[in-house]
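One-letter residues, chain by chain:
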Amino acid sequence: MKTFKVAIVGAGPAGYFAAQALQNSQSEDIKFSIDMIERLPTPWGLVRSGVAPDHPKIKTVAKVFEKIATAEGFRLFGNIELGKDISLEELESMYDAVVIATGSSRGRKLGIPGEDLPGSFSAADFVPWYNAHPDFADVEISLDCNEAVVIGAGNVAMDVARMLALEPSELDTTDTAEHALSKLHTSSIRKVHICGRRGPEHAAFTSPELRELPKLEHTDVHIDQHQISEAIKRAEAQGELPKDLKSNLEAMQAIAEAEKKGHERSMYFHFLATPLEIKGDGRVEEVVFGINEVNDGNVKATGETFSIKCGLVVSAIGYQSDEISGLPYEGGKVKNENGRISGRNSYVVGWAKRGPSGVIGTNKSDSTDVMKLLLEDLKEPKSGSDVEKLLEERGAKIVTQSDWEKINAHEVAKGEPHGKPRVKLISRTEMLGIK
Ligand code: NAP
């Protein structure tokens, strides 16, 4: 029987699904010893720090992760940073294979004047702020304005817009960061604009997310009915509508037609609006948009503009990977061929491999495919020293699976009296004190 040692860097969905694929491919002849290395003292990646707090069902996938993590041959090395506590070269020499599952955490830039004004944020800062990521708890977000603009027509933009437009008491029984919840309770924002540069037929939203909007109890959601019927006409002129597009357009039409209750809080969709400039004297005051039109399926600027007065701008226009020293990058992701990284015993999965696309489940098939290639490449297991010994010699404070289980239990217990799934800890010191 051969036992191969695999290090997985990054404890998010892609990393766990890679571990699961390896576990599932074990036989009487082959076993895997899997070490998952994670920079934070807490695992689960975007399931913890990305998924919107009002979407608890999506987070139930964490149960799957915990099953993977408690299977034989799996060890968690939390609070261990690649490039600081250990290098990629060291991992590659100690393990038969290394799997990079570090995602894409850096927000793409708009590249327009005013983008860096106070009051303008990337969703890459805003989302981890409301999700209690330790590195973003101190982001200074002010919600003392009446209107906010969210740029982008994808699900992250929708999450951000919804978080800003919800009646904050709806978040009281969620795991929203305590600091964000108290800010949201005193927020003056009553109108949230969500702006896509192309038409409704090109939007990256998915229909389940659109369909929940008319059901919001304290927020009216507005989409211009004419814009949707024009989009449907244009899309139908291109041929039979693909199922997902049809469902999206129907969901947008349902929002447009839904009765508006006159709520104090509202959300407005704007399409065919390219952000040109963020204006303001010392802080965000207004966003200027170029108006576009669609001709023969192509989106073109009309030369006309409009602007929205606001005090907060969040751009949710996609992500790119933070670069790890020693790895080749191309187009914001690790340069790879179907997950193989040329010339080394490292592989890449998830957003670091394919870019920021797909839902959590997409990572299951993606990671499984890459692990098939990893399996094909394995020859004889390496013998060598254990990473735990090396990390301990370096004085690293490892958070093991059982340490994490204590942190997890602490957070869940703290949430219980308030009807919350958990109260997330933010301070690394506090987390390390519990372990
Ligand atoms: P996304 O789905 O790729 O959407 C990005 C949006 O930004 C697109 O509308 C894009 O427009 C727009 N954009 C890009 N550059 C722009 C620019 N310079 N100016 C204006 N707009 C610009 O990315 P995402 O929203 O970050 O989501 C990432 C992935 O996570 C997606 O697969 C998403 O479905 C998934 N996710 C899922 C959920 C869920 O299931 N509930 C929640 C959150 C995220 P163009 O199309 O014109 O480029």
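What counts, and where the lines are drawn
Residues numbered from 1 in each chain as written. Predicted model: local features only at pLDDT ≥ 70, side-chain atom pairs only at ≥ 80, totals over all residues. Heavy atoms only, no water. Helix = DSSP H or I, 4+ residues; strand = E, 2+ residues; numbered from the N terminus. Contact = heavy atoms within 4.5 Å. Lys, Arg positive; Asp, Glu negative; His and termini not counted. Charge placed at Lys NZ, Arg CZ, Asp CG, Glu CD. Buried < 20%, exposed > 50% of the residue type's maximum accessible area, 1.4 Å probe, protein only. Near = heavy atom within 4 Å. Polar contact = N/O pair within 3.5 Å; in protein donor to acceptor, adjacent residues only side chain to side chain. Areas by Shrake-Rupley, 256 points an atom, 1.4 Å probe, with all protein chains shown as cover. Nonpolar A, V, L, I, M, F, W, Y, C, P; charged D, E, K, R; others polar. Domains from an automatic or database assignment. Axes fitted to C-alpha atoms, helices over the stretch in contact; angles between N-to-C directions. Parallel < 35°, antiparallel > 145°, perpendicular 65-115°, else oblique. Left-handed = near helix turned anticlockwise from the far one by under 90°. Pairing = 2+ DSSP bridges. Expected span 1.5 Å × (residues − 1). Arc of directions from axis to C-beta.

A. Local environment of the overall build of the chain. Helix and strand counts for the chain come out as 15 helices and 18 strands. Its C-alpha atoms give the chain principal-axis dimensions of roughly 65 × 50 × 35 Å. Excluding contacts between residues fewer than 6 apart, the proportion of contacts in the chain whose partners are at least 24 apart in sequence is 75%. For the chain, the distance from the average site of its 53 positive side-chain charges to the average site of its 66 negative ones is 2 Å.

B. Spotlight on the environment of Val-387. Take Val-387: it is sitting in helix α13 (residues 387-393). On the basis of relative accessibility, which here comes to 2%, the residue Val-387 falls in the buried class. Considered as a pair, Val-387 and Leu-91 are 296 residues apart in the sequence and their alpha carbons are 8.1 Å apart. Beyond its immediate sequence surroundings of up to four residues, Val-387 is in contact with Asp-35, Arg-75, Phe-77, Ile-86, Leu-91, Met-94 and Tyr-95.

C. Structural view of the site of the ligand. Ala-153, Arg-197, Arg-198, Glu-209 and Gly-358 are the nearest of the 23 residues found near the ligand. Between an oxygen atom of the ligand and a side-chain N or O atom of Asn-155, the distance comes to 3.0 Å. For the ligand, an oxygen atom lies 2.8 Å from a polar atom in the side chain of Arg-198. About the coverage of the ligand: the protein hides 79% of its 910 Å² of free accessible area. Taken together, the residues of the shell around the ligand sort by class into 13 nonpolar, 6 polar and 4 charged. Split by domain, the residues of the shell around the ligand number at least three in each of domain 1 (2-105 + 320-433) and domain 2 (109-317).

D. Structural view of the packing of helix α5 (residues 123-130) against helix α6 (residues 155-165). In contact at an axis separation of 11 Å, α5 and α6 are set at 50 degrees when each is read in the N-to-C sense. By the angle between their axes, α5 is oblique relative to α6. Here α5 and α6 pass one another in a crossing that is left-handed. Along the contact surface, α5 presents Ala-123, Phe-126, Val-127 and Tyr-130, while α6 presents Val-156, Asp-159, Val-160, Met-163 and Leu-164.

E. Quick peek at the pairing of strand β8 (residues 191-195). Counting buried positions along β8 yields 4 of 5 residues, so the element is predominantly enclosed. Of the pairings in the sheet, the one linking strand β7 (residues 147-151) to β8 comprises 5 bridges and is parallel in character. By the bridge assignment for β8, Ile-151 is matched with Cys-195.

F. The arrangement of α6 in detail. In terms of burial, α6 is a largely internal element, 9 of the 11 residues being buried. Buried within α6 are the following residues: Ala-157, Met-158, Asp-159, Val-160, Ala-161, Arg-162, Met-163, Leu-164 and Ala-165.

G. Structural context of the sheet that holds strand β3 (residues 74-78). Strand order in the open sheet formed by 5 strands is β3-β2-β1-β4-β18, and the pairing between neighbours is parallel. Of all strands in the sheet, those bounded by a partner on one side alone are β3 and β18 (346-348). This sheet shows a mean twist of 20 degrees between the axes of neighbouring strands, independent of strand direction. Inspection of the sheet shows strand β1 (residues 2-9) paired to strand β2 (residues 30-38) by 8 bridges, in the parallel sense. What sits directly across from Val-9, in β2, is Ile-37. Contacts from helix α1 (residues 13-24) reach β1, β2, β3 and β4 (97-100) within the one sheet, and its direction differs from that of β2 by about 170 degrees.

H. Spotlight on helix α14 (residues 401-415). Helix length check: α14, at 15 residues, gives a terminal C-alpha distance of 21 Å against a target of 21 Å (1.5 Å per residue), a fit within 8%. Where α14 is concerned, the buried positions are Gln-401, Asp-403, Trp-404, Ile-407, Asn-408, Glu-411 and Gly-415. Across the axial projection of α14, the buried residues extend over an arc of 155 degrees, all falling on one side. At its buried positions, α14 is contacted by α2 (46-49), α3 (62-69), β3 and α15 (428-434).

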